[in-house]
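This is what each chain is made of:
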Amino acid sequence: MTAGTGVREGRGVVAEGTLTQTEAAVLGSVDRYLSRGLALKRWWDQARATDGFNQKFPLTTSFNRPDESFGFFGTAPVDGRQMGVMGNYQTMFYDQPKSPGGSEELAARWMRDQVRQFVLRYFMRVSGFRLPEAFVPAGDRRPLPRALRPLSWCPEEDRSMVGFGFSQLFYKRRGEERVGLFPAAERSAIVDLRRIGPELEWIVPWVDIFDFNFVARPFGPGTPSLAVPLSEGSYLVVAPEFILDETDPSPDVLGRYGFDYAFIKTPGQSFLAYGPGEFDAAIEMINFHVYRGGKIRAEAIFVVNQPTRIVNVPLNPLTWGYETARLLSGGSAAYFLAPWKSALDRVPGSNLSFDPVRLSLAMTNALTGGLAARELCVSFEQIEKDFLTTHFMQHYQTLVGSLQTWRQIADWLDEANLPDWVKTGRIG
């Protein structure tokens, strides 16, 4: 399929408007990755209820906070086969009302209605946060000549972000085959998730996962390391089965609200073999529980296929130049180098690659008779656990950051008086 004015893939879905080859391939794979996400969700629900994990282990330690977390390995049925999976679970105290005696029930129900609106309508709009940075006077914002930059002591603008940055790209209305494209002005204003199901069959957002770098130290702490920036993000799919909207689900719980999304693998081979955009099957779940006394707990769950490698280093050195240019340009060079890449792909063996991380681990353990893995944790399993810990911290930062946003709005149901940045989802 080439880029053009439409795409017809999978179940005959048609998207109008100009699409890139990547977008056409992504839309054609929505059903596949949605099915895999649903399979992982079913597996998680059963494994959590029965403690049916192959291995369960602590990931982090919380001090003076009523939080719980663990990592796990397991085997899930996906696409008719058994897939090795891993993931992490965390739950944390989020908030509770401060009210005088005699009004606890009223305050708790008010809190429930506020949480429902915040989570299902606004959370995905405000889940990315720009960190404070040095003030740059207006006169200093002009770019300096490259030769003078190393000599300058002037503060520079440094856009530092944490959390998740969502933007919505495509949608499919219920009962229609046509796939629509969200206007550019609405990309950051994620739709009210309660529309998914009654009105929309699914939406395809993009998520930027900020400040998510994976560091591999094959020979242990204090030795040379390989820092892999996993910051390109991923296409996602959100469907009705992924929306949690339950009021009074049990005697102890006033409401349960949340959303899940399945990851869609970005088509084509990349230097990175694992991380956002490179998962074969993955699902993220973010849920909030409001209890009778008004206390709120948030939980985040991540389930993903276990990696077979971390990076793809091409055996063909000509491919190195292409990948270097693509990474340094933030992906923009791929458009200009597309003819060269097409010709390169036709060279026999051009797609062959190896993973230096896994190779170095195998050599280290072979030379030490397995001692490195047994005594020093120099193993691929430890890399998997480090990856899950990094993902845990990303969840934690997102939830803690969202708490400050949640608390500064007096009434989430008073849409007329919400600030514009909440309505539009655009971060200054």
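My aim in this report is to walk through the structure given alongside it, one point at a time. Since this is a predicted model, take the numbers as computed values, not measurements.

Moving on, we come to the overall build of the protein chain. Across its full length, the protein chain carries 10 helices and 18 strands. A burial count over the protein chain gives 46% of its 428 residues as buried. Partitioning the intrachain contacts of the protein chain with sequence separation of at least 6 by distance along the chain shows that 68% fall at a separation of at least 24. Carbon and sulfur atoms make up 55% of the accessible area of the protein chain, which amounts to about 21,300 Å² in all.

So, about the pairing of strand S9 (residues 200-209). For S9, the tally of buried residues reaches 9 of 10 residues, placing the bulk of the element in the interior. As judged from the 2 bridges shared by S9 and strand S12 (residues 234-237), these two strands associate in the antiparallel manner. Residue pairing in the sheet places Val-207 in a bridge with Ser-234 of S12.

It is worth spelling out the packing of aromatic side chains at this point. Counted by the stated rule, this structure contains 27 aromatic pairs. Relative to Trp-406, the ring of Phe-118 has its centre 5.4 Å away and its plane inclined at 50 degrees; by these criteria the two rings are tilted. Taken as a pair, Phe-118 in helix H3 (residues 104-122) and Trp-406 in helix H9 (residues 380-408) lie far apart in primary sequence, 288 residues in all. Classification of Phe-118 as buried rests on a relative accessible area of 1%. Looking at Trp-406, the relative accessible area reads 6%, which means it is buried. With centroids separated by 5.8 Å and ring planes inclined at 50 degrees, the aromatic side chains of Phe-123 and Phe-259 adopt a geometry described as tilted. Of the two residues, Phe-123 sits in the loop between H3 and strand S6 (128-130) while Phe-259 sits in strand S14 (residues 253-264), which places them 136 residues apart along the sequence. For Phe-259, a relative accessible area of 0% gives the class buried. Above the plane of the ring of Tyr-89 lies Arg-48, whose end atom (NZ or CZ) is 4.4 Å from the centre.

Conventions used here
Residues numbered from 1 in each chain as written. Predicted model: local features only at pLDDT ≥ 70, side-chain atom pairs only at ≥ 80, totals over all residues. Heavy atoms only, no water. Helix = DSSP H or I, 4+ residues; strand = E, 2+ residues; numbered from the N terminus. Buried < 20%, exposed > 50% of the residue type's maximum accessible area, 1.4 Å probe, protein only. Contact = heavy atoms within 4.5 Å. Areas by Shrake-Rupley, 256 points an atom, 1.4 Å probe, with all protein chains shown as cover. Pairing = 2+ DSSP bridges. Phe/Tyr/Trp six-rings, centres within 6.5 Å; stacked < 30°, edge-to-face > 60°. Lys NZ or Arg CZ within 6 Å of the ring centre and 35° of its normal.

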